[in-house]
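# Architecture at a glance
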Amino acid sequence: MAKLLILNGPNLNLLGQRESRIYGTKTLDDIIAECRQFSGTCGFELDHMQSNAEHELIERIHTAAADGTSGLAFNPAAFTHTSIALRDALLAVKLPFVEVHLSQPLAREQFRHISYFSDIAIGTVAGFGADGYVLGLQALINHLDE
Ligand code: DQA
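The present account deals with the structure reproduced in this document. (Residues numbered from 1 in each chain as written. Predicted model: local features only at pLDDT ≥ 70, side-chain atom pairs only at ≥ 80, totals over all residues. Heavy atoms only, no water.)

### Re the packing of aromatic side chains
The description of two aromatic rings rests on the distance between their centres and on the angle between their planes. Using the following cut-off: The pairing test for Phe, Tyr and Trp rings, Trp by its six-membered ring, is centres within 6.5 Å, and the orientation test on the planes gives stacked under 30 degrees, edge-to-face over 60, and tilted for anything in between. Runs of E in the DSSP output that reach at least two residues are strands. Runs of H or I that reach at least four are helices, and both are numbered from the N terminus.
In this structure the tally under the stated criterion is one aromatic pair. Between Phe 74 and Phe 117 the ring centres are 5.6 Å apart and the planes differ by 80°, which places this aromatic pair in the edge-to-face class. Of the two residues, Phe 74 sits in strand β3 (residues 69-75) while Phe 117 sits in the loop between β4 (97-101) and β5 (123-126), which places them 43 residues apart along the sequence.

### Things to note about the site of the ligand
The condition is simple: Residue proximity to a molecule or strand is established when one non-hydrogen atom of the residue lies within 4 Å of it. Pairs of N or O atoms are called polar contacts if they sit within 3.5 Å, as long as, within protein, a hydrogen donor faces a hydrogen acceptor (for residues adjacent in sequence, only side-chain-to-side-chain pairs). For the accessible areas, the method is Shrake-Rupley and the probe is 1.4 Å, while residue cover comes only from the protein chains on display. Three categories are distinguished: nonpolar for Ala, Val, Leu, Ile, Met, Phe, Trp, Tyr, Cys and Pro, charged for Asp, Glu, Lys and Arg, and polar for the others, with Gly belonging to the last.
Taken together, Arg 18, Tyr 23, Asn 75, Ala 77, Ala 78, His 81, His 101, Leu 102, Ser 103, Arg 108 and Arg 112 make up the full set of residues adjacent to the ligand. Interatomic distance of 3.0 Å between a side-chain N/O atom of Arg 18 and an oxygen atom of the ligand. In the environment of the ligand, an oxygen atom lies 2.7 Å from a nitrogen or oxygen atom belonging to the side chain of His 81. When the free accessible area of the ligand is taken as 320 Å², the share hidden by the protein chains comes to 99%. Here the shell around the ligand is built from residues that sort into four nonpolar, four polar and three charged.

### Quick notes on unusual backbone geometry
Quick reminder of the rule: The cut-offs for exposure are 20% and 50% of the maximum accessible area for each residue type, with area from a 1.4 Å probe on protein chains only; residues under the lower value are buried, those over the upper are exposed, and the others partly exposed.
Of note, the phi angle at Ala 77 is positive, near 55°, even though the residue is not glycine. Tracing the backbone shows Ala 77 in the loop between β3 and α4 (84-93). Positive phi outside glycine occurs at Lys 94, with the angle close to 60°. By relative accessible area, which is 70% here, Lys 94 ends up exposed.

### Some details on the side chain of Arg 18
Short version of the rule: The contact criterion used is simple: two residues touch if any of their non-hydrogen atoms lie within 4.5 Å.
Examined against the element boundaries, Arg 18 turns out to sit in the loop between β1 (2-8) and α1 (20-23). When neighbours within four sequence positions are excluded, Arg 18 is seen to be in contact with Pro 10, Asn 11, Leu 12 and Tyr 23.

### Quick notes on helix α5 (residues 131-145)
We apply this condition: Multiplying 1.5 Å by the helix residue count minus one yields the expected span of that helix.
Taking 1.5 Å of rise per residue, the 15 residues of α5 would be expected to cover 21 Å, and the 21 Å separating its terminal C-alpha atoms lies within 8% of that figure. Among the residues making up α5, those that are buried are Gly 132, Tyr 133, Gly 136, Leu 137, Leu 140 and Ile 141. As for α5, its buried residues are in contact with β1, α2 (28-41), β2 (44-50), β3, β4 and β5.

### Some details on the sheet that holds β5
Put simply, the rule is: Criterion used throughout: strands pair if DSSP finds at least two bridges between them. Helix axes use the C-alpha atoms of the stretch in contact, all axes being lines fitted to C-alpha atoms, and the angles between their N-to-C directions lie in the range 0 to 180 degrees.
Read across the sheet, five strands follow the order β2-β1-β3-β4-β5 without closing on themselves; strand pairing throughout is parallel. Two strands lie at the open edges of the sheet, namely β2 and β5, each paired on one side alone. On average, each strand axis in the sheet is tilted by 20° relative to the strand beside it, whichever way the strands run. Relative to β4, β3 runs parallel, the two sharing three bridges. Bridging from a neighbouring strand, Phe 74 pairs with Glu 99 of β4. Sheet strands touched by α2: β1 and β2. Its angle to β2, the strand with the most contacts, is close to 160°.

### Here we look at the nonpolar core
Heads up, the condition is: Buried Ala, Val, Leu, Ile, Met, Phe, Trp, Tyr and Cys residues that are joined via side-chain atoms within 4.5 Å together make up what is termed a nonpolar core.
Of all hydrophobic cores here, the largest spans 23 residues; its most connected members are Ile 6, Leu 102, Tyr 133 and Leu 137. Going through the elements one at a time, β1, α2, β2, β4 and α5 are the ones with two or more residues in this core. Setting aside residues up to four positions removed in sequence, Ile 6 forms contacts with Ile 32, Cys 35, Leu 46, Asp 47, His 48, Met 49, Ala 73, Tyr 133 and Leu 137. Met 49, Ile 58, Leu 90 and Val 93 belong to the second-largest nonpolar core, a separate cluster that totals 18 residues.

### Quick look at the pattern of salt bridges
The following threshold applies: Salt bridge, as used here: a side-chain nitrogen of Lys or Arg that lies within 4 Å of a carboxyl oxygen of Asp or Glu.
Tallied over the entire structure, the rule returns seven salt bridges. For Lys 26, the salt bridge identified is with Glu 34, shortest N-O distance 2.9 Å. On the basis of relative accessible area, Glu 34 is assigned to the partly exposed category, the value being 31%. Between Arg 112 and Glu 109 there is a salt bridge; the shortest N-O distance is 2.7 Å. Looking at Arg 112, the relative accessible area reads 18%, which means it is buried. Residues joined in a network through salt bridges with shared partners are Asp 47, Arg 60 and Asp 67.

The structure is reproduced here in structure tokens:
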């Protein structure tokens, strides 16, 4: 069975309790359970990793290139706006990925308007709350099926 990976960056382990007006009330476990169910119905196995550490996310991206992962849905969280290292990791492994954000960064503070990922992603899903993950997986699967 083909494999997909959801990667989540810093502070997303706190979903459900973190700024719920912006990020909603679902926990990360709720979201990943929905994503697993969706991926399964589409015939894909789904792996997930959340980390607050940039180097762990980089290493998981490297591993994905070797473990048969077909593509990623990635919410880099605050690293969206800072991490050239994560961008370089994705460019190095050449795996297709969809950038996902629960909020719409472009409607927020100026410092969130820069993304180091949007121009190298298949596309970006932002502003749809937790639904963005399933929407992102759907877009990734469509891309892989093309
Ligand atoms: C976020 C948006 C980022 O600006 C922020 O730092 C996050 C979450 C989102 O999902 O809306 O941690 O990626």
